[in-house]
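The residues making up each chain are set out below.
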Amino acid sequence: MQRAAVRVLRGARTLRVLTPPARTPQVLTPPARTPQVLTPPARTLRVLTSLVRTPPVRARSATAGAPPLGLLYERHGEAADVVQLKDLEVPKLGDCDVHVKMLAAPINPADINMIQGTYPLLSPLPAVGGNEGVGEVLEVGRRVKALKPGDWVIPADAGLGTWRTHGVFPEEMLLKVPSDIPMLCAATLSVNPCTAFRLLADFESLAPGDSIIQNAANSGVGQAIIQIARASGIKTINVVRDRPDLAKLVERLMALGADHVITEEMLRKPEMKDIFKSIPRPRLALNCVGGKSTTEMLRHLQPKGTMVTYGGMAKQPVMVPVSAFIFRDVRLRGFWMTQWRKDHAQARLPPTSFLVLTVSRMESCGSSCLASSPVCVPSQ
């Protein structure tokens, strides 16, 4: 897997941060306290980044000196218009609170949608952006039992506000993760890899040798699906948009473990039959695009197969021929990781913490990082 490298100088140390290839922009961390972030190329929004917020939370004067910084928005709108870099107060540490120094935080499309006010989940205003990230515990309140200084933590749920340098959070809002996995992987662990894991586990009983088909295969979820499927012996047919550097993208996805990489145009060609000479038709289709891509993928599903939609990047409706329902009995489902967490918060099924630790262990055992979102690293 080819990766571009961004170096961030921190005093005498040099930290190497890997930024994801293909459709994800490069994140540059300028010196001092004002890192700059470029959001995904389709939007080419420019957002100043340096990271910190909490709802009325509490910290001690541990950040005496330079105040913590955060990317804060007081109204909804385009990120370039409403997001501001501001000093943020970190109040006194409470008994059940944890003081965290943010190490890295990604930018996902959902983060931008929340700022725009178009996402189903919105934080009370004013709010700090960012739903994912990894931080290091600096200090804990006297009643905190599961965390200690030096631990790495990630948000337990969306809406924490991770685009900050420091923050103080209740212990229950954080999950401990291993500190021996790459920082970039830890920062992007709780959304894309977890979504990929659930998509593969919850809708069809897949066994080694089975196959799945997915579009947006070079997305964060798509790359995670490739790697988890490979580790599970499941074959993947990966659909991407045509582009000038298609050969490089194909090479990179194959290096992650993809079995077949095809373009949207190839979905409609007779040559698709050649693929199914060596692997079975897929029982599961994973849709992040919508529109014609969905319709064409559906044609290649086995009878009684399932298509799961978890995104709609084309902003077009899912179109399904009536014959697919009548004669092939295909099933259409939807998935949202935030809703899954809510549904399983009190259940005895594997909780989010178990899921995160499971996927993080899969990461640490593999040669590739499951992360693919641009990541900001706060300046010290």
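Everything quoted here is computed from the prediction, not taken from an experiment. (Residues numbered from 1 in each chain as written. Predicted model: local features only at pLDDT ≥ 70, side-chain atom pairs only at ≥ 80, totals over all residues. Heavy atoms only, no water.)

## Some details on the packing of helix α5 (residues 220-232) against helix α6 (residues 246-256)
(1) Moving on: In contact at an axis separation of 8 Å, α5 and α6 are set at 40° when each is read in the N-to-C sense. Accordingly, the angle class assigned to the pair α5 and α6 is oblique. Facing α5, whose interface residues are Q223, I226 and Q227, α6 presents R252, L253 and L256.
(2) Moving on: A per-class count over the contact of α5 with α6 returns 3 nonpolar, 2 polar and 1 charged. (Axes fitted to C-alpha atoms, helices over the stretch in contact; angles between N-to-C directions. Helix = DSSP H or I, 4+ residues; strand = E, 2+ residues; numbered from the N terminus. Parallel < 35°, antiparallel > 145°, perpendicular 65-115°, else oblique. Contact = heavy atoms within 4.5 Å. Nonpolar A, V, L, I, M, F, W, Y, C, P; charged D, E, K, R; others polar.)

## Considering unusual backbone geometry
(1) Moving on: Residue L125 is joined to P126 through a cis peptide bond whose omega torsion reads -5°.
(2) Moving on: The phi dihedral of K304 is positive, around 70°, even though this residue is not glycine.

## Some details on the sheet that holds strand β8 (residues 127-128)
Backbone-to-backbone hydrogen bonds pair the strands of a sheet. The strands run either parallel or antiparallel.
(1) Moving on: On the basis of which strands lie adjacent, the open sheet formed by 3 strands has the order β6-β5-β8 and antiparallel pairing. The sheet is open, and its two edges are formed by β6 (83-87) and β8, each paired on a single side.
(2) Moving on: Bridging between strand β5 (residues 69-73) and β8 involves 2 bridges; their strand directions are antiparallel. Counterpart to Y73 in the pairing with β8 is A127. (Pairing = 2+ DSSP bridges.)

## Section: a nonpolar patch on the surface
(1) Moving on: A cluster of nonpolar side chains, namely V318, V322, F325, I326, F327 and L332, defines an oily patch on the protein surface of about 600 Å² accessible area.
(2) Moving on: Examined against the element boundaries, L332 turns out to sit in strand β18 (residues 331-334). (Patch = residues over 30% accessible without salt bridge, like charges linked within 9 Å, V, L, I, M, F, W, Y side chains within 5 Å. Areas by Shrake-Rupley, 256 points an atom, 1.4 Å probe, with all protein chains shown as cover. Salt bridge = Lys/Arg side-chain N within 4 Å of Asp/Glu carboxyl O.)

## Some remarks on the side chain of D210
(1) Moving on: Along the polypeptide, D210 turns up in the loop between α4 (192-202) and β13 (211-214).
(2) Moving on: Overall, D210 belongs to the buried group, its relative accessible area being 15%.
(3) Moving on: A polar side-chain atom of D210 sits 2.8 Å from the main-chain amide nitrogen of A207. (Buried < 20%, exposed > 50% of the residue type's maximum accessible area, 1.4 Å probe, protein only. Polar contact = N/O pair within 3.5 Å; in protein donor to acceptor, adjacent residues only side chain to side chain.)

## What to know about the pairing of β13
(1) Moving on: Residues S211 and I213 line one face of β13 and the alternating positions I212 and Q214 line the opposite face, and both faces are buried.
(2) Moving on: In this region the chain leaves β13, passes through α5 and returns to the parallel neighbour strand β14 (residues 235-240); the handedness of that crossover is right-handed.
(3) Moving on: By the bridge criterion, 3 bridges tie β13 to strand β16 (residues 284-287) in an arrangement that is parallel. Each residue of the ladder has a partner; that of Q214, found in β16, is L286. (Right-handed = clockwise from strand over helix to strand, strands pointing away.)

## Looking at empty space enclosed by the protein
(1) Moving on: According to the stated counting rule, one finds 3 cavities of 30 Å³ or more in the structure shown.
(2) Moving on: Put simply, the largest cavity is a space of about 50 Å³.
(3) Moving on: Considering the residues around the largest cavity, the lining is formed by Y73, D111, M114, S123, V128, G129, G130, N131, G159, L160 and G161.
(4) Moving on: The residue inventory of the lining of the largest cavity, partitioned by class, reads 4 nonpolar, 6 polar and 1 charged. (1 Å grid on protein atoms, 1.4 Å probe; cavity = no way out; pocket = protein on both sides within 12 Å on 5 of 7 lines; lining within 4 Å. Points joined across faces, edges and corners; volume = space filled by probe spheres on them.)

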